[in-house]
Amino acid sequence: MRNQLVTMAACLSMFSFTACQQSQNAQSANDSTHTAQDTVPAVAETPVAKDTAVLTTVMSAPEKVKAGAPIMVKFTVTNHADTAVSFLKWHTPMEGKFMNSFFEVTDSKGEAIQYKGIMAKRVTPPPADAYISVPAKGEVSGEVDLTTGYKITAPGTYKVVYQGDFTSGLSKVNEVTVTVE
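**With respect to the overall build of the protein**
Inference 1: Helices and strands together make up the secondary structure of the protein, namely two helices and nine strands.
Inference 2: Going residue by residue from the N terminus, the α and β elements of the protein occur as α-β-β-β-β-β-β-β-β-α-β.
Inference 3: For the protein, the proportion of its 181 residues judged to be buried stands at 32%.
Inference 4: Taking the intrachain contacts of the protein between residues at least 6 apart in sequence as the baseline, contacts between residues at least 24 apart amount to 72%.
Inference 5: A total accessible area of about 11700 Å² is found for the protein, and carbon and sulfur atoms account for 56% of it.

Shown next, in the form of structure tokens:
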């Protein structure tokens, strides 16, 4: 009986693979019959810079806060280029609130602090208003209260490391340490 089930599963897998391949081949053949006049123009190019290396990001937070008080984490993004550069504000303090876990927060023992915020699903490609433009040789800032996204309830020292660079394009962000008294 078990051998029959394995054989049946293998046949179903092969059938699914073959049907998928045939569907892809048909779609490919259909696509190649369109002329240049039939194609729809692409959506406008997103305003994000192809090279965000001209942007530097400094994260800051108070060194000490009282237990129960807000812990404001601020990002300051500076553009070193001679032209404006944009980046995706998703997964950054530029949103003003947590829409996802984009920090790694650990206590003095190195144990991760649990994220308690929402986990928003996003549409892709991002709409134009999801980008922030940093003027040439200028900067923009945004901040978020760390306690609204992470369970920081006990006194101690906490390390905050940014983890949203894959989404936002902001990389090489420094880490900060906050002591809750």
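**Some points on the side chain of D145**
Inference 1: One can find D145 in strand β7 (residues 139-145).
Inference 2: Buried within the structure, D145 lacks any salt-bridge partner; K116 is the closest side chain of opposite charge, at an N-O distance of 8.2 Å.
Inference 3: A polar contact of 3.0 Å, which involves the side chain of D145, links it to the backbone nitrogen of I71.
Inference 4: Setting aside residues up to four positions removed in sequence, D145 forms contacts with P70, I71, M72 and F98.

**Brief notes about the pattern of salt bridges**
Inference 1: Under the criterion given, the structure shown has three salt bridges.
Inference 2: A salt bridge links E181 to K64; its shortest N-O distance comes to 3.9 Å. You can see E181 sitting in the segment after β9 (176-180) and its partner K64 sitting in strand β2 (residues 64-65), a full 117 residues away along the chain.
Inference 3: Taking the relative accessible area as the measure of exposure, E181 reaches 44% and is therefore partly exposed.

**Some points on the confidence of the model for the protein**
Inference 1: With 71% of its residues at a pLDDT of 70 or more, the protein has an overall mean of 78.
Inference 2: Low pLDDT (under 50) marks residues 1-50, which in the prediction has ten contacts with non-local residues, meaning those over four places away or in another chain.

Here is what the cut-offs are and how they apply
- Residues numbered from 1 in each chain as written.
- Predicted model: local features only at pLDDT ≥ 70, side-chain atom pairs only at ≥ 80, totals over all residues.
- Heavy atoms only, no water.
- Helix = DSSP H or I, 4+ residues; strand = E, 2+ residues; numbered from the N terminus.
- Buried < 20%, exposed > 50% of the residue type's maximum accessible area, 1.4 Å probe, protein only.
- Contact = heavy atoms within 4.5 Å.
- Areas by Shrake-Rupley, 256 points an atom, 1.4 Å probe, with all protein chains shown as cover.
- Lys, Arg positive; Asp, Glu negative; His and termini not counted.
- Salt bridge = Lys/Arg side-chain N within 4 Å of Asp/Glu carboxyl O.
- Polar contact = N/O pair within 3.5 Å; in protein donor to acceptor, adjacent residues only side chain to side chain.
- pLDDT = per-residue confidence, 0-100.

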